[in-house]
Amino acid sequence: MNNTWYDDTLINRFGQKEHLTNNYKCAVLIVGGGLAGLCLLYKLKKNNVDAVLIEENHIGSGASGRNGGFCLSGWAQDYDVLLKYLSEEEVLTLEQIAASGVEWMKKKCLSEGYEHTNLQSGVLKCFLTKNIEKVKKDVIAQNKLFDQNEEFINKEKLSKYVCSSRYTCGVLRQDSFQFHPLNFMHALAKDCSNLGASIFENSKFISYHIDGGRINSRVFNGNEMVKVQSEKIVFATGGYGGKEIKDLKNYWLPIKTFIGVTKPLGNELHSVLKKPLGFSDNRRAGNYYRVLPGNRLSWGRGISAVGKFTCSNLKRAISKEINYFFPELRNVEIDYVWFGNMAYASHYMPYVGSIKIGNEEKNVFTLMGFGGHGMNTAPGSAMVLADFILGKSSKHEVFNRFRRKWNGGLIGPYIAEMKYKYLQIQDYFDLA
């Protein structure tokens, strides 16, 4: 597909300072130049660990630089579901990790060198449900359990933020924010580089084997095959890893999510979106949208595990959805459209820690599976994994409760697609 809007508005692109050579040695090799990998690299370098990151393409070329640009606390899996099979203490630990990710991201966005991340505070979740009292009770319960300050917004007050006859109420999260993810990624890569970290783009990981306690990896640097020797290796490839990551490939599925950006709009945009917030709805795979610089509307929609998608079809679908919620924005033209692959496990939670629980391949770690809620959970999880590598904490062990489950192999994507269609049907009847 064509460039994303983020590509065309990228400022201060990161450029690597050196070339990956043969027989390179390091303490920790990180595979994947997305948010999880860069955050892990940053934390390790801050603690003087000889960590190196390799990326097959360019920094942020995966989902970390192609997403909707939202950062808010929580996980892809709902807390009420997690509380059914985890203790309250474990769920509170997960919330602390998720919240720490938001706090770290916001602090970075507001620091020197990150001026072009365009941080805007506030995300409003809009509900289409008729059961408004349940929404209100859930807000009260979650605020009490996690010591949060989410604000319930009734229909009358909601019209001061967004004008759509489809919505019945909302929940406002002022601590959440929206930003330019690709500019953030490149600023973070430069941050790591300034700490002395080595980042190698256009370096494709091929395979690894363990010999005498050392991990020998084969990497193609764009010109030749080279060997990298490390004490530890961390796979942070998100939805883009393949057979080279061995059994890890069998634990998750690459799921596509789609985003479109309109041509510059007139005053009608501000007549329906009255506050500079990020917006989403409560459907299981609903829309998420926000106003971009230049008076454009960014619109995220749906997920899919199978099928091919053309730009023209996606543009029509996105335009139709915008018109469904905002008839005032008639025949809106879509200027950009793209998708990114997110890594999803069947339980919607990430895999953080040793690749195999109970039968560990020593010093081989995973940091992936942040599909659907990654811009806070990836950094939060990276920090706790870094603490484990540094010998400071075993907080990451809360993720051991999420079993490494088989993804269904060749039929896995079709099962996931059927599940998504089923959820869409549920949404239809729940909201009818």
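Above this text you will find the structure in question.
Residues numbered from 1 in each chain as written. Predicted model: local features only at pLDDT ≥ 70, side-chain atom pairs only at ≥ 80, totals over all residues. Heavy atoms only, no water.

Peer 1: Any chance you could break down the environment of Asn 202 for me, citing the residues and the numbers?
Peer 2: Here Asn 202 shows up in the loop between strand 7 (198-200) and strand 8 (204-211). Once the C-alpha coordinates of Asn 202 and Glu 55 are considered, the two residues, 147 residues apart in sequence, prove to be 6.0 Å apart. Residues in contact with Asn 202, not counting those within four places in the same chain, are Glu 55, Glu 56, Asn 57, His 58, Phe 220, Asn 221 and Gly 222. (Helix = DSSP H or I, 4+ residues; strand = E, 2+ residues; numbered from the N terminus. Contact = heavy atoms within 4.5 Å.)

Peer 1: Report on the pattern of salt bridges, specifying residues and quantitative values.
Peer 2: Tallying each qualifying case throughout the model produces 13 salt bridges. The closest approach of N and O atoms between Glu 231 and Arg 214, which form a salt bridge, is 3.5 Å. You can see Glu 231 sitting in strand 10 (residues 225-235) and its partner Arg 214 sitting in strand 9 (residues 214-220), a full 17 residues away along the chain. Look at Glu 231 and you get partly exposed, because its relative accessible area is 35%. Classification of Arg 214 by relative accessible area gives partly exposed; the value is 24%. Taken together, the shared-partner salt bridges in this structure form one network comprising Lys 263, Arg 296 and Asp 335. (Salt bridge = Lys/Arg side-chain N within 4 Å of Asp/Glu carboxyl O. Buried < 20%, exposed > 50% of the residue type's maximum accessible area, 1.4 Å probe, protein only.)

Peer 1: Give me the lowdown on the packing of aromatic side chains, citing residues and values where you can.
Peer 2: Applying the stated rule across the entire model yields 26 aromatic pairs. Ring centres of Phe 279 and Tyr 289 lie 5.5 Å apart, and the angle between their planes is 15°; this geometry places the pair in the stacked category. Highlighted residues: Phe 279 in strand 12 (residues 278-281) and Tyr 289 in strand 13 (residues 288-292), separated in sequence by ten residues. Looking at Tyr 289, the relative accessible area reads 1%, which means it is buried. On the basis of an interplanar angle of 85° and a centroid distance of 5.0 Å, the ring pair of Tyr 324 and Phe 325 is categorised as edge-to-face. Following the ring pairs from residue to residue traces out a cluster consisting of Tyr 167, Phe 279, Tyr 289, Trp 299, Tyr 324, Phe 325 and Phe 326. Seen from the ring of Tyr 324, Arg 166 lies directly overhead, with NZ or CZ sitting 3.7 Å from the centre. Taking NZ or CZ as reference, Lys 246 lies 4.0 Å from the ring centre of Tyr 208, over its face. (Phe/Tyr/Trp six-rings, centres within 6.5 Å; stacked < 30°, edge-to-face > 60°. Lys NZ or Arg CZ within 6 Å of the ring centre and 35° of its normal.)

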